[in-house]
Amino acid sequence: METKNTKTKYDIIRVASECFLEKGYSVTSLKMIARELKISPGNVTYYFQTKEHVLLSIVEMLLDYEWRIFTKEIDNGLDTLSAACLEFVTTVASCQQNPIIKDLFISICESEMCRVCVRNHRIERSRRIVKEQGSDWNEEQMTLVEIMIRGIFYSMITTDDSVVTLETRVAGALRLILSIYNEDEETKNRIIKNILQTDYQKLGKRVMDGFVNFVKVTNEKTMEDFLNGKKILETK
């Protein structure tokens, strides 16, 4: 019975992630997910009380994916702060290009449980940045930094070119973020210039296409491990 229940839970995550990334989070309902799986809505809410709880499972995959990209950029020679800024910009660009991705990230920003999950994960990134700077920040300071940056991010993705162009928004947001980390003007100008010179819109599309594939592969691997009897971590 436990085996069947666990498989159902993974099936819900698989179908929900497909719906969220192909149709959009806002238009997907638990009834739609249940219909796709040919189970009752009650079976879905047995494992996930609300759609927001299912979203949290996708957020955990997103954070895993972003951390891999972040550490890869560092391994390729980018400093931690530049890598964090580049990730910020490419995510904003992907939201600009794809309304489904934009809907997903707005939903994440507006969900308290998802915000907490993201903040707790991103504090580790801030910890690496301030360590590289030689700064001595406590946990409260790093938590405040992440709250402020998430606020900037939300403002960026809920504003479009009819108000302020993407490049102007990107430059302004980066200057704010770099100020939060107490960088001097020379460093701010260098990082902003380097990022603006990249094709961050193309990179944003590639990164999000990679995430969609990552979710698919992760779901397939999780189910394969489960069916093969391997021990895997439970989704929170």
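In what follows, the structure referred to is the one given above.
Numbering of residues begins from 1 in every chain and follows the order in which that chain's sequence is written. Only residues with pLDDT of at least 70 are given local features in this predicted model, and only at 80 or more are side-chain atom pairs given and counted; all residues enter the totals for whole chains, interfaces and linings. Note: side-chain values were computed over all heavy atoms of the structure, leaving out hydrogens and water.

Asker: Quick question: what am I supposed to make of the nonpolar core here?
Answerer: Nonpolar side chains in soluble globular proteins generally cluster together in the buried interior. Among the nonpolar cores identified, the biggest contains 74 residues, and Phe88, Phe105, Ile108, Tyr181 and Phe211 are the most heavily contacted of them. Helix numbering and strand numbering both begin at the N terminus, where a helix is a DSSP run of H or I of at least 4 residues and a strand a DSSP run of E of at least 2. The element that contributes the greatest number of residues to this core is helix H4 (residues 51–75), accounting for 11 residues. The criterion used for residue contact is that any of the two residues' heavy atoms lie within 4.5 Å. The residues touching Ile108, leaving out its near neighbours within four places in the chain, are Leu55, Val59, Leu62, Cys114, Arg115 and Val118. Residue types Ala, Val, Leu, Ile, Met, Phe, Trp, Tyr and Cys, when buried and joined through side-chain atoms within 4.5 Å, form a set referred to as a nonpolar core. Exposure is judged per residue with a 1.4 Å probe applied to protein chains only, and the accessible area is read against the type maximum: over 50% gives exposed, under 20% gives buried, and values in between give partly exposed.

Asker: Can you help me understand the side chain of Thr80 in this one?
Answerer: Looking at the secondary structure, you find Thr80 in helix H5 (residues 80–97). Only 3.3 Å separates the side chain of Thr80 from the side chain of Glu132, close enough to count as a polar contact. Contact partners of Thr80, with chain neighbours within four places excluded, come to Phe70, Ile74, Arg128, Ile129 and Glu132. For this analysis, a polar contact is any N or O atom pair within 3.5 Å, provided that within protein one partner can donate a hydrogen and the other can accept it, and provided that sequence-adjacent residues contribute only side-chain to side-chain pairs.

Asker: I tried to follow the layout of surface pockets on my own but got confused; where do I start?
Answerer: Sizing a probe to match a water molecule and rolling it over the atoms shows the empty space that remains. Here a cavity denotes a set of grid points, spaced 1 Å apart and computed over the protein atoms alone, in which a 1.4 Å probe fits but from which it cannot get out, and a pocket denotes an open set meeting protein on both sides within 12 Å along at least five of seven lines; residues with an atom within 4 Å of a point are reported as lining. Grid points are joined across faces, edges and corners, and a volume is the space filled by probe spheres set on the points. Taken as a whole, the second largest pocket spans an internal volume of roughly 370 Å³. As for the second largest pocket, its lining consists of 27 residues, and the residues nearest its centre are Val118, Arg122, Ile149, Arg150 and Phe153. Taken together, the elements giving at least two residues each to the lining of the second largest pocket come down to H4, H5, helix H6 (99–109), helix H7 (112–133) and helix H8 (139–157). Looking at the lining of the second largest pocket element by element, the count peaks at 7 residues for H8. Under the scheme applied here, ten amino acids are nonpolar (Ala, Val, Leu, Ile, Met, Phe, Trp, Tyr, Cys and Pro), four are charged (Asp, Glu, Lys and Arg), and all others, including Gly, are polar. In the lining of the second largest pocket, the residues fall into 16 nonpolar, 2 polar and 9 charged.

Asker: Even after reading the chapter, I still don't get the packing of H8 against helix H9 (residues 166–180), so can you show me in this structure?
Answerer: Two quantities define a packed helix pair, namely the angle between the axes and the distance from one axis to the other. Only the stretch in contact is used when fitting a helix axis, every axis being a line fitted to C-alpha atoms; angles between N-to-C directions are given from 0 to 180 degrees. Axis separation between H8 and H9 bottoms out at 10 Å; the angle between their running directions is 175°. Taken together, the axes of H8 and H9 lie roughly antiparallel to each other. Residues Val145, Met148, Ile149, Ile152 and Met156 of H8 form the contact with H9, whose participating residues are Arg169, Val170, Ala173, Leu176, Ile177 and Ile180. Broken down by class, the residue content of the contact of H8 with H9 amounts to 10 nonpolar, no polar and 1 charged. Orientation categories follow fixed angle ranges, with anything under 35 degrees roughly parallel, anything over 145 roughly antiparallel, 65 to 115 roughly perpendicular, and all other angles oblique.

Asker: Even after reading the chapter, I still don't get unusual backbone geometry, so can you show me in this structure?
Answerer: Note on backbone geometry: most residues besides glycine have negative phi, and most peptide bonds are trans. Even without a glycine there, the phi angle at Lys38 is positive, about 60°. A relative accessible area of 75% places Lys38 in the exposed class. Even without glycine at this site, Asn182 takes up a positive phi of about 60°. Note that Asn182 resides in the loop between H9 and helix H10 (185–196).

Asker: Looking at this structure, I do not really get the packing of aromatic side chains. What am I missing?
Answerer: The description of an aromatic ring pair uses the distance of the two centres, along with the angle that the planes make with each other. Two rings from Phe, Tyr or Trp (for Trp, the six-membered ring) form a pair when their centres sit within 6.5 Å of each other. Planes less than 30 degrees apart are called stacked, planes more than 60 degrees apart edge-to-face, and all others tilted. Tallied over the full model, the rule gives 8 aromatic pairs. Centroid distance Tyr46 to Tyr47: 4.9 Å. Interplanar angle 85°. Geometry classified as edge-to-face. Overall, Tyr46 belongs to the exposed group, its relative accessible area being 61%. On the numbers, 5.9 Å between centres and 70° between planes, the contact of Phe105 with Phe153 is edge-to-face. Linking Phe105 in helix H6 with Phe153 in helix H8, this pair joins segments that are 48 residues apart in sequence. In terms of burial, Phe105 and Phe153 fall into one category: buried. Put simply, the rings of Tyr65, Phe211 and Phe214 touch in pairs and so form one group of aromatic residues. Note on geometry: a ring has a charge over it if NZ (lysine) or CZ (arginine) is within 6 Å of the ring centre and within 35 degrees of the ring normal. Just above the ring of Tyr25 sits the side chain of Lys51; from NZ or CZ to the centre is 4.1 Å.

Asker: What should I look at first to understand empty space enclosed by the protein in this one?
Answerer: Counting across every chain of the model gives 1 cavity of 30 Å³ or more. Here the largest cavity defines a volume of roughly 50 Å³. Of all the secondary structure elements, the ones that give two or more residues to the lining of the largest cavity are H4 and H7. Take the lining of the largest cavity: its biggest share by element is 4 residues, from H4.

Keep in mind that these numbers describe shape and distance, not what the molecule does.
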